[in-house]
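What follows is each chain in one-letter form.
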Amino acid sequence: EERGKIENRARKNVGSDVFLILTAGFAFCMVVLFWYGDVTFLPMAAYLEVRPTLVWIIQAFTISVVVASVYGWQTSRRVMLARKKMVIVHEFEEAQKRAEIDAKLKSLKG
């Protein structure tokens, strides 16, 4: 069971997850910022004296990029560690198979 978890994590494609967060996260941020516009982008737009739509888009984009970057950074570390563990497990299994074959050969010879 633990090996299955390690295999699944090692096969994970971080790039596709980050892309999903960028696209879906951007849309989600747009909706949330729209509902809370009175306290998020509208005051900032008034302070900067720019159009609210521009601030709304920039805020949503910035939030989604930051979240996707943090997620990608954390996940890529986990995937890298899982791949290292898979190499160790694979080497151990190969050594175990070689030991079994050697033991069978010795029993046949002796």
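Preceding this section is the structure that the text describes.
The following paragraphs examine the structure supplied in this document. Bear in mind that the values here come from a model prediction, so they are computed numbers and not experimental data.

**Re the pattern of salt bridges**
In total, this model carries one salt bridge according to the counting rule given. The shortest N-O distance in the salt bridge between Glu 94 and Arg 98 comes to 3.8 Å. Placement of the pair is Glu 94 and Arg 98 together in helix H4 (residues 52–109), with a separation of four residues, close to one helical turn.

**As for helix H2 (residues 14–35)**
With 22 residues, H2 extends 31 Å between its outermost C-alpha atoms, agreeing within 8% with the 32 Å of an ideal straight helix rising 1.5 Å per residue. Maximum bend of H2: about 25°, positioned at Gly 25. Along H2, the residues that are buried comprise Val 14, Asp 17, Val 18, Gly 25, Cys 29, Met 30 and Leu 33. If you follow the buried residues of H2, they end up packed against helix H3 (41–48) and H4.

**Digging into the nonpolar core**
Counting residues in each nonpolar core, the largest one holds eight residues, listed as Cys 29, Met 30, Leu 33, Phe 41, Ala 45, Val 55, Trp 56 and Ala 60. Looking at this core, the elements that each hand over two or more residues are H2, H3 and H4. Not counting residues within four places of it along the chain, the set of residues in contact with Val 55 comprises Phe 41, Met 44, Ala 45 and Val 50.

**Things to note about the packing of aromatic side chains**
Applying the stated criterion across every chain, the model contains three aromatic pairs. Aromatic side chains Phe 34 and Trp 35 sit 5.8 Å apart centroid to centroid with 75° between the ring planes, which places their arrangement in the edge-to-face category. Ring centres 5.7 Å apart and planes at 20° place the aromatic pair Phe 41 and Trp 56 in the stacked group. Of this pair, Phe 41 sits in helix H3 while Trp 56 is found in helix H4, placing the two residues 15 residues apart along the sequence. A network of ring pairs unites the aromatic residues Phe 34, Trp 35, Phe 41 and Trp 56 as a single cluster. Looking at Arg 77, its charged tip hangs above the ring of Trp 73, at a distance of 4.8 Å from the centre.

Conventions and cut-offs
Residues numbered from 1 in each chain as written. Predicted model: local features only at pLDDT ≥ 70, side-chain atom pairs only at ≥ 80, totals over all residues. Heavy atoms only, no water. Salt bridge = Lys/Arg side-chain N within 4 Å of Asp/Glu carboxyl O. Helix = DSSP H or I, 4+ residues; strand = E, 2+ residues; numbered from the N terminus. Expected span 1.5 Å × (residues − 1). Bend = angle between axes of the 7 residues up to and from the residue. Buried < 20%, exposed > 50% of the residue type's maximum accessible area, 1.4 Å probe, protein only. Contact = heavy atoms within 4.5 Å. Core = buried A, V, L, I, M, F, W, Y, C linked by side-chain atoms within 4.5 Å. Phe/Tyr/Trp six-rings, centres within 6.5 Å; stacked < 30°, edge-to-face > 60°. Lys NZ or Arg CZ within 6 Å of the ring centre and 35° of its normal.

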